[in-house]
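Per-entry structural report
Residues per chain, in single letters:
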Amino acid sequence: MKTNQTDFECVVVGAGVVGLSVARSIAKRNKQVLVIEKNKRFGEETSSRNSGVIHAGIYYPKNSLKATFCKKGNSEIYSYAKKRGINFNKCGKLIIANSSYEEKILSQIKTNAQKNGIILKYKNKTHLKKIEPNLNCFSALYSETSGIIDSHDLMANFIFDIEDKKGELVFQSKVSNVKIEKKKIKFCINNDNNYYSTKVLINCSGLESHLLAQNIKQLKKSSIPKIIFVKGSYMKLSGKSPFKKLIYPVPTKNGLGIHSTLNLDGQTIFGPDDEVVKEINYNVFDEKRLKFFNSIKKFWPEISLDKITCDYSGIRTKVKKNDFIIQDHSDHQIKGLINLFGIDSPGLTSSIPVGEFVADKYIDIFNDL
Ligand SMILES: Cc1cc2nc3c(=O)[nH]c(=O)nc-3n(C[C@H](O)[C@H](O)[C@H](O)COP(=O)(O)OP(=O)(O)OC[C@H]3O[C@@H](n4cnc5c(N)ncnc54)[C@H](O)[C@@H]3O)c2cc1C
């Protein structure tokens with residue numbers, strides 16, 4: 001590891017959007033922090049393999065961490081982006097129904113959103129023809145606070161904030177062999193046998209959070225949730241974008257349905273689908289094109305198969321209760337260890353308030369050690 005120091009106050013494992021936001025919030029409180037990342041660069045896993053959507057917080061159960069952090073994160077991410085000149089587009093999102101059965105689901109979504117303090121506007125077919133003439137549907141709900149953001153630039157700004165407060169980042173360094181000792185947590189890098197130590201270790205390792213946790217002998221196995229990987233593949237559209245807003249069908253069991261999003265260059269991207277997988281493989285397979293075509297055709301009948309090509313994919317880390325899990329010693333009795341599990345969507349939108357929440361936990365632990 002490229003640092004001469006061997007003893008730290010706080011180590012954050014993982015330089016994805018969540019780990020970086022946590023480290024930024026700790027650095028903002030004038031505390032020493034080191035981010036350790038196994039890859040060559042920041043944000044190379046899930047944080048750059050998503051839809052880049054700033055969600056409103058519509059679907060999650062009231063008072064869940066997802067509902068609370070998403071709603072707060074939505075407004076905070078827009079103000080941070082404005083202040084820092086990060087590219088975003090608050091373009092709005094339509095959740096569409098294509099049958100009377102789906103219209104009933106829209107009504108449930110509207111009620112749920114209302115419980116979370118989010119007002120969705122009902123749009124009928126005539127109105128929709130004016131705002132999105134290429135869209136085929138019975139009716140829709142409109143969320144005006146949904147949008148898209150340049151997540152790479154968001155992470156780059158978090159790093160600027162960390163370094164500005166003398167926090168550090170190291171790359172190509174995989175944290176392993178974690179051992180809990182009295183008032184210290186020891187760990188190795190890249191499985192060598194040189195031990196480093198930290199007062200607090202914050203596990204933000206995304207798809208590998210449960211693996212890092214399993215690596216800690218003193219952590220009870222019952223504290224580590226069972227993780228399911230749900231892969232989402234994307235296809236891109238060649239040619240002009242048919243829509244100005246984000247278009248979402250009603251959600252599926254493991255995702256939000258194959259939707260139409262825009263990137264900041266104005267290009268249309270379709271996806272992600274949802275497929276339970278056992279391992280991390282980001283390849284996108286051509287056989288999926290037909291499935292995407294059939295799904296998109298329902299809301300955009302003019303689509304032709306030759307206009308969609310395979311793009312990227314990302315993998316969601318899902319826990320049974322489908323909410324974020326943030327554990328400290330009150331959950332697992334190890335003072336100095338904070339684990340984050342199941343940080344799937346809306347983790348990008350929620351990154352700023354999650355960072356603040358974990359930093360507050362850190363300060364409590366720090367003051368007590
Ligand atoms: C298909 C898909 C679409 C999504 N769409 C959206 C969306 O539109 N809006 C939204 O708000 N959210 C969305 N999300 C969710 C969002 O992308 C994630 O919640 C967020 O990126 C998680 O960030 P993270 O930092 O926890 O994880 P990651 O970005 O995966 O970062 C974890 C980091 O830890 C590193 N690491 C792992 N193990 C170790 C180790 N032992 N030592 C050192 N480093 C390690 C990894 O290399 C990685 O860089 C989507 C997710 C998916 C999969």
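Computed from a predicted model, the values in this text were never measured in an experiment. (Residues numbered from 1 in each chain as written. Predicted model: local features only at pLDDT ≥ 70, side-chain atom pairs only at ≥ 80, totals over all residues.)

Spatially, 3 strands are ordered β3-β8-β4 in an open sheet, and the strand pairing comes out antiparallel. A strand with exactly one partner marks an edge of an open sheet, and here the two such strands are β3 (53–54) and β4 (88–89). As paired strands, β3 and strand β8 (residues 147–149) are joined by 2 bridges and run antiparallel to one another. When the sheet's bridge partners are listed, V53 is paired in β8 with I148. (Pairing = 2+ DSSP bridges. Helix = DSSP H or I, 4+ residues; strand = E, 2+ residues; numbered from the N terminus.)

With that settled, the discussion passes to the packing of helix α2 (residues 65–84) against helix α9 (residues 347–368). Viewed as axis vectors pointing N to C, α2 and α9 meet at an angle of 95°, and their least axial separation amounts to 7 Å. The orientation of α2 relative to α9 falls into the category roughly perpendicular. Across the interface between the two elements, F69, C70, K72, G73, N74, E76, I77 and Y80 from α2 touch T349, S350, S351, I352, P353 and V354 from α9. Class assignment for the residues of the contact of α2 with α9 results in 7 nonpolar, 5 polar and 2 charged. (Axes fitted to C-alpha atoms, helices over the stretch in contact; angles between N-to-C directions. Parallel < 35°, antiparallel > 145°, perpendicular 65-115°, else oblique. Contact = placed C-beta atoms within 7 Å. Nonpolar A, V, L, I, M, F, W, Y, C, P; charged D, E, K, R; others polar.)

Covered by surrounding structure in strand β15 (residues 259–262) are H259 and T261 together with S260 and L262, the residues of both alternating faces. Pairing geometry for β15 and strand β16 (residues 268–271), over 4 bridges, is antiparallel. Among the inter-strand pairings, H259 is bridged to a residue of β16, identified as G271. What sits between the antiparallel neighbours β15 and β16 is a turn of 5 residues, in which G266 has the positive phi angle 85°. (Buried ≥ 20, exposed ≤ 12 C-beta atoms within 10 Å, placed from the backbone.)

Next up on the list: the environment of G16. Tracing the backbone through its elements, the reader meets G16 in the loop between β1 (7–13) and α1 (17–28). In the structure, G16 is positioned 31 residues away from S47 in sequence and 5.6 Å away in space, judged by C-alpha atoms. Aside from chain neighbours lying at most four places away, what touches G16 is G43, E45, T46, S47, C204 and G206.

Close contacts around the ligand come from 42 residues, with G14, G16, N50, G206 and G347 the closest. Elements with a contribution of two residues or more to the shell around the ligand: α1, β18 (308–319) and α9. Of the residues in the shell around the ligand, the class split is 15 nonpolar, 18 polar and 9 charged. Counting only domains with at least three residues in the shell around the ligand, you end up with domain 1 (7–49 + 152–226 + 321–368) and domain 2 (93–144 + 229–319). (Near = placed C-beta within 6 Å. Domains from an automatic or database assignment.)

Think of interface size as the accessible area that goes away when the parts come together; that is how it is often given. Segmentation of the protein into domains returns domain 1 (7–49 + 152–226 + 321–368) and domain 2 (93–144 + 229–319). Averaged C-alpha coordinates put domain 1 and domain 2 at centres separated by 32 Å. The interface is formed by 13 residues belonging to domain 1 together with 10 residues belonging to domain 2. Across the side of domain 1 that touches domain 2, the residue classes break down as 5 nonpolar, 5 polar and 3 charged.

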